[in-house]
Amino acid sequence: MACRISELVVDCRDPEALAAFWCEVLGFKVLDRDGEAVEIGPPEGGGGLQPTLVFDRTDEPKAGKLRLHFDVNATDRDQDAELERLLAAGARHADVGQTGEESWVVLQDPEGNEFCLLRSRLA
């Protein structure tokens, strides 16, 4: 028997705002609120193969580039259209030293956490 990732926990200053952003990005919904943490996941609920995300409140500021980040793929549009949607939802471009020749776009969520929008579309 092997383990699987069931939850990814993200420390943040405003769990509600960050959960709302990532719900918009991923098509997720709020599954639970526990104290100062908000858990989001697929509309059919957590516990499946896709991990849920838990946003946990902290007062510590983000320092430097993240050692772990999310990669996302559009499911129903091309990369340019998805980039427009993500920017409208509150994402910002991020510079982590890319050359401009990459097939992905580096972005930040509203709290500055980096993530990448990949070119390929997932079914």
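Conventions used here
Residues numbered from 1 in each chain as written. Predicted model: local features only at pLDDT ≥ 70, side-chain atom pairs only at ≥ 80, totals over all residues. Heavy atoms only, no water. Pairing = 2+ DSSP bridges. Helix = DSSP H or I, 4+ residues; strand = E, 2+ residues; numbered from the N terminus. Core = buried A, V, L, I, M, F, W, Y, C linked by side-chain atoms within 4.5 Å. Buried < 20%, exposed > 50% of the residue type's maximum accessible area, 1.4 Å probe, protein only. Contact = heavy atoms within 4.5 Å. Axes fitted to C-alpha atoms, helices over the stretch in contact; angles between N-to-C directions. Lys, Arg positive; Asp, Glu negative; His and termini not counted. Salt bridge = Lys/Arg side-chain N within 4 Å of Asp/Glu carboxyl O. Polar contact = N/O pair within 3.5 Å; in protein donor to acceptor, adjacent residues only side chain to side chain.

Some words on the pairing of strand β4 (residues 52–57)
- Bridge count for strand β1 (residues 7–12) against β4 is six bridges, and the pairing is parallel. Opposite V10, over in β4, you have F55 as the bridge partner.
- Here strand β3 (residues 37–41) runs beside β4; their pairing, made up of four bridges, is antiparallel. When the sheet's bridge partners are listed, A37 is paired in β4 with D56.

Digging into the nonpolar core
- Counting 21 residues, the largest nonpolar core has W22, I40, F55, L86, L107, F115 and L117 as the members making the most contacts within it.
- At the level of elements, β1, α1 (15–26), β3, β4, α2 (79–89), β7 (105–108) and β8 (114–117) are the ones that each hand at least two residues to this core.
- Looking at this core element by element, the count peaks at six residues for α1.
- Look past the residues within four positions of L117 in its chain and what remains in contact with it is V72, A74, Q79, E82, L83, L86, W104, V105 and L107.

Focus: the sheet that holds strand β2 (residues 29–34)
- In space, the four strands of this open sheet follow the order β1-β4-β3-β2, with mixed pairing throughout. If you trace the sheet from one side to the other, it starts and ends with β1 and β2, each paired once. Strand-to-strand, the axes of this sheet are offset by a mean angle of 25°, without reference to chain direction.
- In this structure, β2 lies alongside β3, joined through five bridges in antiparallel fashion. The partner of R33 across the bridge, within β3, is V38.
- Most of the contacts of α1 go to β4, to which it runs at about 160°, and overall it touches β1, β2, β3 and β4.

So, the sheet that holds β8
- Strand order in the open sheet made by the four strands is β5-β8-β7-β6, with mixed pairing throughout. The strands lining the two open edges of the sheet, one partner per strand, are β5 (70–72) and β6 (92–93).
- Here β7 runs beside β8; their pairing, made up of four bridges, is antiparallel. Opposite V106, over in β8, you have C116 as the bridge partner.

Observations regarding the side chain of D109
- Among the structural elements, D109 can be located in the loop between β7 and β8.
- Despite its burial, D109 remains without a salt bridge, the nearest opposite charge being carried by R92 at 6.1 Å.
- Among the polar contacts listed, one links the side chain of D109 to the side chain of W22, at a separation of 3.1 Å.
- Contact partners of D109, with chain neighbours within four places excluded, come to L18, F21, W22, R92 and F115.

Shape is all these values report; function is a separate question.
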